[in-house]
Each structure stands twice: as structure tokens, then as C-alpha cells.
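Observations on the model geometry
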Amino acid sequence: FFFSSRRRHTRQRSVSWARRCVQETAQDVPLLKSYFYKMDRLICIHYPHLTLHLKNEGINASYFSSAWFITLFAYSLQYTKSTESGENVPSDMLLDVWDAFVITGWKAIFKTGLILIGILESEIQDAPFDKVMTTFSELPKGKYMQSPEIAWKIRETYPYVKVTNSMLNLLDAEYNSLLVKEEKEPKQDIFNLLDVQQSFLLMLSLIHI
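In this text, all values refer to a predicted model and were calculated from it rather than measured experimentally. (Residues numbered from 1 in each chain as written. Predicted model: local features only at pLDDT ≥ 70, side-chain atom pairs only at ≥ 80, totals over all residues. Heavy atoms only, no water.)

1. Some thoughts on the packing of aromatic side chains
Just so we agree on the cut-off: Aromatic pairing here means that ring centres of Phe, Tyr or Trp (its six-membered ring) are within 6.5 Å. Orientation follows from the plane angle: under 30 degrees is stacked, over 60 is edge-to-face, and everything else is tilted. The way it works is that DSSP assigns letters per residue, a run of H or I at least four long becomes a helix, a run of E at least two long becomes a strand, and they are numbered from the N terminus. Buried residues are those whose accessible area, probed at 1.4 Å on protein chains only, stays under 20% of the maximum for their type, while exposed residues exceed 50% and partly exposed ones sit between those limits.
Considering all chains together, one arrives at 13 aromatic pairs under this definition. Ring geometry for Tyr 63 versus Phe 129: centroids 6.1 Å apart, planes at 85°, classification edge-to-face. A residue pair is termed long-range when its members are at least 10 positions apart, and Tyr 63 in the loop between α3 (48-56) and α4 (66-71) and Phe 129 in helix α7 (residues 129-137) qualify at 66 residues. Residue Tyr 63 is classed as partly exposed on the basis of its relative accessible area, which comes to 40%.

Dropping the structure here:
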């Protein structure tokens, strides 16, 4: 499993690759929009009840995940609190995520995002719009990121989060087909063209991929 690999040359490659992808992603707005759409759909599959609440509050993934995709979590996972000194220190977790990104591609970023949402779920499930947005915006310095257990939780949970490259490819195709539909029906919001029930159908079709 990749989190156990600590080879220096792999780490250097991960950092170099991540920096290049950050530069490319930040300049590609259409690509970012497709990532937001896929994150919304994956949240709907993994956290259907939370999806209903976010939809009622008028929140989609573009509201809180842009920094995740643009910086590859460099902002959210940059520091953790030292168990010895109590001070913020550079986090190995970020490099672990980048290692996974180099080895497995963008699904590593989506899986990490889903884990973070799962950690926050109990706090934002019934929260109003302002509270949800504050929780996400304060994620890097909040109580979750300051906890030394966060890296352990991400490592332990990661293998069990169901996101595959095949799923992402299918969601890409779905997104592109909806772009065509949106051109014909410009008043439609692309994030609302598919409802929660259809997400369950998508989940059933993807679960064995």
C-alpha cells in the first residue's frame, strides 16, 4: 500500500509532479468545473443525506473544494500539531496524498476530499449555510486539522473509499453530456440536472467497477 512507501526519489517526484499539476489546474477553469461536478456526484453517492442538506442550503462542491483541486490539499493539509511541542509542524500527510496522486491519479484527490467531508459530516449535517461555509474555510486551522489523529484517520480510511478511475471516466462522460443539454436548456443549472435518486442509480451501476 502506497502510504507505507517512504522512498526519497518517490517523494521528490511527487512534489515535482504536484507543483506542475497545480500550475496547470489553476489555469484551466473548464477542468475545475468538471472536478466540482464529479465531487458533487461522489458526495451524493457516499453521503446522500448530507447531499440533501447541502442542496437545501444552496451549496455545491464549487463552494468549498476549489482549494483542494487547485493546490492538491497543500493549503488544507500543510500543517499538523506536534504531539511533543504542541506547535504546528509540516505534515507528512500532504506528501502521502501527493504520493497517491502520482501513483493513482486524480482519484486520490477525490478520495481524500470525501474522507475530509466524512470527518466534518456530523458538524455540517444540520448546520445553516454560514456555519457550513465557516467550517470548510477554517478546515486548515480547525480542531480537525490540529488533531494528530487526522493523518491516522485518513490513512486508515483511504483504502475503503470507493472511487475508481472507471467511475471518474463515467462521470466525465456524464458531465460532457450534460454540457450539451445545458446548451439547449441554458436556464438549467448543471448541478441540478440530476437528482439524488439518479445518483443512487449511478451508485448501483458503479459499485462493482
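2. Some words on helix α2 (residues 29-46)
To be explicit about the condition: In a helix, the anticipated span is given by 1.5 Å times the number of residues less one.
Its 18 residues place the ends of α2 26 Å apart at the C-alpha level, agreeing with the 26 Å of an ideal helix rising 1.5 Å per residue. Along α2, 13 of the 18 residues are buried, which leaves the element largely enclosed by surrounding structure.

3. Thoughts on the side chain of Asn 60
Within the secondary structure, Asn 60 sits in the loop between α3 and α4. Judged by relative accessible area, which is 13%, Asn 60 ranks as buried.

4. Overview of the confidence of the model for the chain
What counts is decided by this rule: How sure the predictor is of each residue is captured by pLDDT, a score from 0 to 100. Only heavy atoms matter for contacts: two residues are in contact if any of them lie within 4.5 Å across the pair.
Considering every residue of the chain, the mean pLDDT works out to 76; 64% of them sit at 70 or more. Across residues 1-9, confidence stays below pLDDT 50; counting only partners more than four residues off in sequence or on other chains, it has 19 contacts.

5. So, the packing of helix α5 (residues 92-104) against helix α6 (residues 107-124)
For the record, the criterion: Under this scheme, a helix contributes an axis fitted over its contacting stretch, all axes are lines through C-alpha atoms, and angles between N-to-C directions fall in the 0 to 180 degree range. Roughly parallel covers angles under 35 degrees, roughly antiparallel covers those over 145, roughly perpendicular covers 65 to 115, and oblique covers all other angles. Only Asp, Glu, Lys and Arg are considered charged, only Ala, Val, Leu, Ile, Met, Phe, Trp, Tyr, Cys and Pro nonpolar, and every remaining residue, Gly among them, polar.
At a closest axis distance of 7 Å, the pairing of α5 and α6 adopts a crossing angle of 140°. By the angle between their axes, α5 is oblique relative to α6. Residues Val 97, Ala 100, Phe 101 and Thr 104 of α5 touch α6, and the partners they reach there are Lys 107, Ala 108, Ile 109 and Thr 112. Across the contact of α5 with α6, the residue classes tally to five nonpolar, two polar and one charged.

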